[in-house]
There are 2 protein chains.
Amino acid sequence: MGEKKEKEEMVVTAWKVSGEIDYNKLVEQFGTKHVTQDILDRMEKKAGFLHTQLRRRVFFSHRDIDWWLDTYDRGEPVGLYTGRGPSGPVHLGHLLPWFFTKHLQDVYDADLYFQMTDDEKFLLHDHLTLDETIGYTYDNALDLIAVGLDAEKTHIISDTDNIDHLYRIGLEVAKKVTYSTIKAVFGLNDSDNIGIIFYPAIQAVPCFIQSAREGRKVAVLIPAAIDQDPYWRMTRDVAERLGYYKPAQMHAKFLPGLGKGGKMSASQPETAIFTIDPPELAEEKIMGAFTGGQPTVREQREKGGNPEVCSIYAYYFFLLEEDDAKLVELENECRSGAMVCGDCKARLGKVVSSFLVDFQRKREKAKDRLEEYLIK
Amino acid sequence: MGEKKEKEEMVVTAWKVSGEIDYNKLVEQFGTKHVTQDILDRMEKKAGFLHTQLRRRVFFSHRDIDWWLDTYDRGEPVGLYTGRGPSGPVHLGHLLPWFFTKHLQDVYDADLYFQMTDDEKFLLHDHLTLDETIGYTYDNALDLIAVGLDAEKTHIISDTDNIDHLYRIGLEVAKKVTYSTIKAVFGLNDSDNIGIIFYPAIQAVPCFIQSAREGRKVAVLIPAAIDQDPYWRMTRDVAERLGYYKPAQMHAKFLPGLGKGGKMSASQPETAIFTIDPPELAEEKIMGAFTGGQPTVREQREKGGNPEVCSIYAYYFFLLEEDDAKLVELENECRSGAMVCGDCKARLGKVVSSFLVDFQRKREKAKDRLEEYLIK
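Residues numbered from 1 in each chain as written. Chains lettered and ligands numbered in written order. Predicted model: local features only at pLDDT ≥ 70, side-chain atom pairs only at ≥ 80, totals over all residues. Heavy atoms only, no water.

Asker: Can you explain the packing of helix H15 (residues 311-320) of chain B against helix H17 (residues 341-366) of chain B? Please cite residues and give values.
Answerer: Residue and element names in this part refer to chain B. Relative to each other, H15 and H17 sit at 35 degrees, their axes nearing to 10 Å. For the pair H15 and H17, the sense of crossing is left-handed. Touching Ile312, Tyr315, Tyr316 and Leu320 of H15 are Cys344, Lys345, Arg347, Leu348, Val351, Val352 and Phe355, all from H17. Residue classes in the contact of H15 with H17 are distributed as nine nonpolar, no polar and two charged. (Axes fitted to C-alpha atoms, helices over the stretch in contact; angles between N-to-C directions. Helix = DSSP H or I, 4+ residues; strand = E, 2+ residues; numbered from the N terminus. Left-handed = near helix turned anticlockwise from the far one by under 90°. Contact = heavy atoms within 4.5 Å. Nonpolar A, V, L, I, M, F, W, Y, C, P; charged D, E, K, R; others polar.)

Asker: Kindly report on unusual backbone geometry, identifying the contributing residues and their values.
Answerer: Leaving glycine out, the prevailing phi sign among residues is negative, and the prevailing peptide bond configuration is trans. Residues and elements named next belong to chain B. In this structure, Arg57 takes a positive phi of about 55 degrees despite not being glycine. Assignment of secondary structure puts Arg57 in the loop between helix H3 (52-55) and strand S4 (59-63). One non-glycine residue with positive phi stands out, namely Asp109, at about 50 degrees. Summarising the element assignment, Asp109 is placed in the loop between helix H5 (92-108) and strand S6 (111-116). Note on Asp109: relative accessible area 52%, which makes it exposed. (Buried < 20%, exposed > 50% of the residue type's maximum accessible area, 1.4 Å probe, protein only.)

Asker: Would you mind going over the sheet that holds strand S8 (residues 219-225) of chain B in detail, with residue names and values included?
Answerer: All names here are of chain B. Spatially, seven strands are ordered S3-S4-S9-S8-S5-S6-S7 in an open sheet, and the strand pairing comes out mixed. Since the sheet does not close on itself, it has two edges, and those belong to strand S3 (33-34) and strand S7 (154-158), each with one partner. Relative to strand S9 (residues 248-252), S4 runs antiparallel, the two being bridged by four bridges. When the bridges of S9 are listed, Arg63 appears paired with Gln249. (Pairing = 2+ DSSP bridges.)

Asker: Requested: an account of helix H13 (residues 279-287) of chain A, with residues and values cited.
Answerer: One turn of an α-helix holds 3.6 residues; hence residues three or four places apart share an orientation. All names here are of chain A. Residues of H13 that are buried: Pro279, Ala282, Glu283, Lys285 and Ile286. The arc that holds every buried residue of H13, seen down its axis, measures 160 degrees, which confines them to one face. Every exposed residue of H13 that faces more than 90 degrees away from the buried side is listed here: Glu280 and Glu284. On its buried face, H13 sits against helix H15 (311-320) and helix H17 (341-366). (Arc of directions from axis to C-beta.)

Asker: I'd like a rundown of the relation of the copies chain B and chain A, residues and numbers included.
Answerer: Note on the chain copies: they are related by a rotation about an axis and a translation along it. Once chain B has been moved 0.0 Å along the axis and rotated by 180 degrees, it coincides with chain A to within an RMSD of 0.0 Å. Taken together, the rotation and translation describe the operation of a two-fold axis. Comparing interface residues between copies, 100% of those in chain B also sit at the interface in chain A, which points to an isologous, same-surface contact. (Least-squares fit on C-alpha atoms with pLDDT ≥ 70 in both.)

Asker: Can you explain the pairing of strand S6 (residues 111-116) of chain A? Please cite residues and give values.
Answerer: All names here are of chain A. Burial of S6 is extensive: six of the six residues sit out of reach of the surface. Of the two faces of S6, the one holding Asp111, Tyr113 and Gln115 and the one holding Leu112, Phe114 and Met116 are both buried throughout. Here strand S5 (residues 78-84) pairs with S6 via six bridges, running parallel. Its bridge partner being in S6, Gly79 is matched across the sheet by Asp111. For the handedness criterion, the β-α-β arrangement of S5, helix H5 (residues 92-108) and S6 is classed as right-handed. Summarising the sheet, S6 and strand S7 (residues 154-158) pair through five bridges and their orientation is parallel. (Right-handed = clockwise from strand over helix to strand, strands pointing away.)

Asker: Account for the domain arrangement of chain A, naming residues and giving values.
Answerer: A common way to express how large an interface is: the accessible area buried when the components associate. Residues and elements named next belong to chain A. Here the domain parsing of chain A yields domain 1 (11-254) and domain 2 (269-364). Computed from C-alpha atoms alone, the centre-to-centre distance between domain 1 and domain 2 is 29 Å. Note on domain 1 versus domain 2: buried area summed over both sides is about 1,700 Å², and carbon and sulfur give 65% of it. Linking domain 1 with domain 2 are four salt bridges, by the criterion used here. One salt bridge in this structure joins Arg56 and Asp324, with 2.7 Å as the shortest N-O distance. If you look at where domain 1 meets domain 2, you find 12 residue pairs in polar contact (both at pLDDT 80 or more). Broken down by secondary-structure element, the contributors of at least two residues to the side of domain 1 that touches domain 2 are helix H3 (52-55), H5 and helix H7 (130-146). Among the residues making up the side of domain 1 that touches domain 2, the classes are represented as 11 nonpolar, three polar and five charged. (Domains from an automatic or database assignment. Buried area = accessible area lost by both parts, 1.4 Å probe. Salt bridge = Lys/Arg side-chain N within 4 Å of Asp/Glu carboxyl O. Polar contact = N/O pair within 3.5 Å; in protein donor to acceptor, adjacent residues only side chain to side chain.)

Asker: Which residues make up the packing of aromatic side chains, and what are the values?
Answerer: Applying the stated criterion to the full structure yields 34 aromatic pairs over all chains. On the basis of an interplanar angle of 70 degrees and a centroid distance of 5.0 Å, the ring pair of Trp68 of chain B and Tyr108 of chain B is categorised as edge-to-face. Residue Trp68 of chain B is found in helix H4 (residues 65-73), and its partner Tyr108 of chain B is found in helix H5; the two are separated by 40 residues along the sequence. By relative accessible area, which is 0% here, Trp68 of chain B ends up buried. A connected cluster of aromatic rings, assembled from ring pairs, spans Tyr81, Phe186, Tyr199, Tyr231 and Trp232 of chain A. Between Arg56 of chain A and the ring centre of Phe317 of chain A, over which it is positioned, the NZ or CZ distance is 5.5 Å. In this arrangement the basic side chain of Arg233 of chain B is found over the ring face of Phe30 of chain B, its NZ or CZ atom lying 4.6 Å from the centre. (Phe/Tyr/Trp six-rings, centres within 6.5 Å; stacked < 30°, edge-to-face > 60°. Lys NZ or Arg CZ within 6 Å of the ring centre and 35° of its normal.)

Given below as structure tokens:
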């Protein structure tokens, strides 16, 4: 059942997301651009259809995507880069941009460098050992592979295990970035450890690694949630001085959690559906989720619910109902009161359950193919 | 000829040495200990003789050498670690602690990890590229090998090329060191680059690498010039929290330059004798050196010279006259005026020239053995 909630202050930094997210305000604060109809038209034309995450503006903001598309159209080399902070199991919110990344890989036939920031997560969290974060790297890689990426064109990087691929370029970046800059961009202070101060240089590297390996300038696009923008703001500042292109970016919204507002959180397991959750557990979590419905069934029938603030609706919208007509139907049923929350949840539970069964099968198969996807 | 000189302020940091060095004051400032007769006796007993650099107190200061010797005496594993900042060719001042390190390796049958800090030198110097500092790593390694170290027990590390050996432990160190600490220990500030802020974590690693590789706690001794002490002061603070021993240290004095006072400087090539200098060039440099002699030959004959401030005498004392009786004879001839500077220089010129001919032959041979000495 829905609850009235206090509006929390929005916080979106590289390392923290909380409060109610105002995406228009983020575009303004971060100085990014909205994804326009013109961009959607170009991407639709190339793909033959408009990907759900574009149609629904899940990827709502960008930097230089028009330039990246121009570069592609000129027949010049393009690449993709995204990543994951491996601090726990993967949830559906993490998968969201990965599905879109797979779409981009298919359409633009691009190599993807995928960074597992096991060093970052170790440096940030007192409770995590390096063995643990590296363990999550290879565990989370199974989820990535299950998304269906092309093994030939995907290069998974463990920062720690594959540092030999990263350190030289990382040093080049680090030499051009002062502590003052990092302090301002990431909100660090003097009592932070020297590892996390240096770390942004390592996160910059996959923007350039394909260019360095291929000995030519590759235009890189980073599809990722918008909280990671600070890293690439810094990277964009140094890119040209190092002889590389600035990376383009497309920024995704966050899949809302099943609890009250905000990002889905790995630290509150009941608010997230993890890819390794037993389907029954996922269904239970959904049955306990926060919705946009009325306090009682009678009120719901009379007044209808509000899909805009409903976490159940969000799952359909972001990920699990790709058919626009069916989504509208669902929305109408909710608003009119024809559908009550219990039924809606039970229905999503079935969808999620069947999604998980399928995904877990793919994830199991990925174990045999892990090696193929690791950077060589 | 000697010149009267203004006393410059002493500066000894990890990255800068200038002014007239007061070694007693350094022991006090850094909080290290003087090498005592008791320590000399123990080391003499073990070696069967007292190495010139101990006898002459070139290695004059230490941290925990007594503990390191105790550990060795108990039959527990000990190791050695020292290194080089590869920013140019090697001069005789650099060789000084390496000869002593070879002696320690021989006597204590210890593995030596030798770190080439090509990342540090790149991060510190605007004019140096990474290719250049890495180039110096392998060039300077020839000098190290020519010193006569045991290939089986010597492991040369290029920070950049061998970062895969260093990064994990470096992260463990970095997580325990704040920017405040680094700022205080190294005198860095907010406009320094994030690479050099992180770098001390990498320089700490060879203190622990042997323990990590062998899966047992190894007591490590670092023989090095005293300016490197700040690195290991920081390292000692974190060592036990990471499950390692604090590294012991023995600190060397600096071989004086041929110019006026201070450390021999690679940036003033006329003040240093490089191992790759043609012998004639070395002789020329010596003929132009600063001495402790009088302004004229007549005055020298009358008043005698002052070996204590003489760079020519220093070469004999530190490196090239191991026979104490002959050194005293030389000193007496100088003080009495029996020897004039020109003759003394010419004599040293011959000694240096023959040293270089021999060393350059060994250095040439080292090219075929380089691979054997690199860390695997």
